[in-house]
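# Structural overview for review
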Amino acid sequence: MKRTLPAALLSLTVPLALVAGCDGGGGGDAAKANAASGPITVWLSNNQEELAWGKAMVEAWNAQHADQKITAQEIPAGKSSEEVIGAAITAGNAPCLIFNTSPAAVPQFQKQGGLVALDTFDGAAQYIADRTGETAQQYKSPDGKFYQLPWKSNPVMIFYNKDLFAKAGLDPEKPALSTYDEFLAAARKIKAAKAAPFAIYPAPTSEFFQSWFDFYPLFAAETGGKQLVEDNKAQFNSPEGQKVAAFWKTLYDEGLAAKERYNGDSFADKKAAMAIVGPWAIAVYGDKVKWGAVPVPTSTKKDQVETFSDAKNVAMYSACQNRATAWEVMKFATSKDQDGALLTKTGQMPLRTDLKAAFPDYFAKNPAYTQFADQAARTVEVPNVPNSVAIWQTFRDAYSQSVIFGKQPVADAFSGAAQKVDQLASGS
């Protein structure tokens, strides 16, 4: 489910065009830039709650650093944030920091020469390890360096509409959804009872990232935590990948999931009784939907399952000329205090160890988020490999043709895609 919100400028200090420090080319003396302090610019997500957090974070920093002020702007509008950022790298006018960097785009940004290795700064690798724990390893690039600081995740789960489940004769408090068989049985009841037009309605469109909200969470769960690509080899053309594909194909073949694009929120609009989303949705749905959440299903029941992280991270861009300040801002913005503020304002899960213990008061007051904090400890990220976006697009095309639209046998589609992905992952 993709959120689209209008663009707006956060004029927190002075207009962007007047700020020195990060604007201008990515050339120059890297060592000098790494040691330099001064004003910087940052881009923030266009999510309303994140903008509120970002504005407060910037004001808190600026109040203490008159000679190193931050100017914050919402990421400019475009077809996708990845496209906008890539264009800024090419033009040499990317900001110092972007608090909305997709892990899937990091390999391409790195290839463009657009990112600064955070390991350049003393203690950076240790800071990341201390804050994020073992999960941080998923965010290292193949050269062993960090070009992104793990920031926040939205571990996806199955949201379900309690009222629609009750209408279908299903238990609205503890529904049986943990296995494929249970899920399909519930989906058929929903359809038969006409509780909703569809049981679930993931986007059937071809954008590379759509597989993160249908196939990939279930693949992570089924495999116990595998990524789509490991050791430069595709993992989806496997018995586990085939099981996940067969599950989704059954949903589409039986009309339990829709093959048409829906211009809106199918879950909020009661066009579907279930959705795969993360904790950001709690605030969005609010009182509009009486919802519950459970882990994504697996072929056989498991006590604990992995899922897709849906993380966004912070990266430093090579056009930045005051990188010493940028690194200090990264640490400030991901401190325990700021992580707590982010959690409070957005409900998104900071990527730090033992989240519930770090913020016990928040979870005591907001118990609906507790299960997402538990799930946040068991997440799988997109693989950090060359040609990452092309790999996901290759997979999505094969998945769409075979699973959603049935134009090709799954085994043939996945086999062909795996060969292409192996070549792309090796840098070919």
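All figures in this text were calculated on a predicted structure; none of them were measured in a lab.

About the thresholds
- Residues numbered from 1 in each chain as written.
- Predicted model: local features only at pLDDT ≥ 70, side-chain atom pairs only at ≥ 80, totals over all residues.
- Heavy atoms only, no water.
- Helix = DSSP H or I, 4+ residues; strand = E, 2+ residues; numbered from the N terminus.
- Rg over C-alpha atoms; globule rule 2.2 N^0.38 Å.
- Contact = heavy atoms within 4.5 Å.
- Areas by Shrake-Rupley, 256 points an atom, 1.4 Å probe, with all protein chains shown as cover.
- Lys, Arg positive; Asp, Glu negative; His and termini not counted.
- Charge placed at Lys NZ, Arg CZ, Asp CG, Glu CD.
- Pairing = 2+ DSSP bridges.
- pLDDT = per-residue confidence, 0-100.
- Axes fitted to C-alpha atoms, helices over the stretch in contact; angles between N-to-C directions.
- Parallel < 35°, antiparallel > 145°, perpendicular 65-115°, else oblique.
- Nonpolar A, V, L, I, M, F, W, Y, C, P; charged D, E, K, R; others polar.
- Disulfide = S-S within 2.5 Å.
- Buried < 20%, exposed > 50% of the residue type's maximum accessible area, 1.4 Å probe, protein only.
- 1 Å grid on protein atoms, 1.4 Å probe; cavity = no way out; pocket = protein on both sides within 12 Å on 5 of 7 lines; lining within 4 Å.
- Points joined across faces, edges and corners; volume = space filled by probe spheres on them.

Another aspect to go through is the overall build of the protein. When helices and strands are tallied, the protein shows 17 helices and 14 strands. Relative to the compact-globule value of 22 Å for 428 residues, the protein shows a C-alpha radius of gyration of 22 Å, a close match. The principal-axis extent of the C-alpha atoms belonging to the protein is close to 65 × 50 × 35 Å. Of all intrachain contacts in the protein linking residues separated by at least 6 positions in sequence, the fraction that spans at least 24 positions is 77%. Just so you have it, the protein exposes about 17,100 Å², and 50% of that area is on carbon and sulfur atoms. Side chains of the protein carry 42 positive and 44 negative charges; the gap between the two charge centres is 4 Å.

On the basis of which strands lie adjacent, the open sheet formed by six strands has the order β2-β1-β3-β12-β4-β13 and mixed pairing. The sheet is open, and its two borders are formed by β2 (70–74) and β13 (349–350), each paired with just one other strand. As defined by bridge partners, strand β4 (residues 149–153) adjoins strand β12 (residues 312–316) across two bridges and the pair is classed as antiparallel. Across the sheet, the residue bridging to Leu149 is Val314, located in β12.

Right, let's get into the confidence of the model for the protein. In the predicted model, the protein carries a mean pLDDT of 92, and 93% of its residues have values of at least 70. Per-residue pLDDT stays below 50 along residues 1–27; that stretch engages in 68 contacts with residues further than four places along the chain or on separate chains.

Moving on to the sheet that holds strand β6 (residues 198–200). One open sheet accounts for four strands, arranged β6-β9-β5-β10; its pairing is mixed. Each edge of the sheet is formed by a strand with only one pairing partner; in this case those strands are β6 and β10 (291–294). Taken over all neighbouring pairs, the strand axes of this sheet differ in orientation by 25 degrees on average, direction set aside. Across the sheet, helix α7 (residues 180–192) lies against β5 (157–161), β6 and β9 (272–277), angled at about 150 degrees from β6, the strand it touches most.

This brings us to the packing of helix α9 (residues 239–253) against helix α16 (residues 388–404). Interaxial distance between α9 and α16 falls to 9 Å at its minimum, and their mutual angle equals 55 degrees. The angle between the axes of α9 and α16 places the two elements in the oblique class. Here α9 contributes Ala245, Trp248, Lys249 and Tyr252 to the contact with α16, which in turn contributes Tyr399, Ser402, Val403 and Ile404. Among the residues forming the contact of α9 with α16, the class breakdown is six nonpolar, one polar and one charged.

We now examine the state of the cysteines. Counting across every chain of the model gives one disulfide. The disulfide that involves Cys96 links it to Cys320, with 2.0 Å between the sulfurs. Handedness of the Cys96-Cys320 disulfide follows from its S-S torsion of about 80 degrees: it is right-handed. Here Cys320 lies in the loop between β12 and α11 (323–333) and Cys96 lies in the loop between α3 (81–91) and β3 (97–101), a separation of 224 residues in the sequence. Taken as a pair, Cys96 and Cys320 share a single burial class, namely buried.

Gaps left between atoms are located by rolling a probe of water-molecule size over the structure's atoms. Here the structure, examined in full by the defined rule, presents two cavities of 30 Å³ or more. Of the voids in this model, the second largest cavity is the one considered here, and its volume is about 30 Å³. Lining the second largest cavity are Ser102, Pro103, Trp212, Phe308, Asp310, Ala311, Lys312, Glu381 and Val382.

Here β10 shows two buried faces, one formed by Trp291 and Ala293 and the other by Gly292 and Val294. Across four bridges, β5 lies against β10 in antiparallel orientation. The residue of β10 that forms the bridge with Tyr160 is Gly292.

With that settled, the discussion passes to helix α8 (residues 215–223). Most of α8 sits inside the fold, with nine of its nine residues counted as buried. Among the residues of α8, those classed as buried are Phe215, Tyr216, Pro217, Leu218, Phe219, Ala220, Ala221, Glu222 and Thr223. Within two residues after α8, Gly224 carries a phi angle of roughly 75 degrees, on the positive side.

This part is about the environment of Gln235. Structurally, the position occupied by Gln235 is in the loop between β8 (233–234) and α9. Assessed through its relative accessible area of 16%, Gln235 is described here as buried. Distance from Gln235 to Ala87, taken between C-alpha atoms, is 31 Å for residues 148 residues apart in sequence. If we ignore the near neighbours within four places in the chain, the residues touching Gln235 are Phe219, Lys226, Gln227, Leu228, Val229 and Glu230.

Bringing the environment of Val380 into the picture now. Mapping Val380 onto the fold places it in strand β14 (residues 379–380). Through-space distance from the C-alpha of Val380 to that of Ala221 is 9.0 Å; in sequence the pair is 159 residues apart. Not counting chain neighbours up to four residues away, the residues in contact with Val380 comprise Gln138, Tyr216, Ala220, Gly225, Lys226, Gln227, Glu306, Thr307, Phe308 and Ser309.

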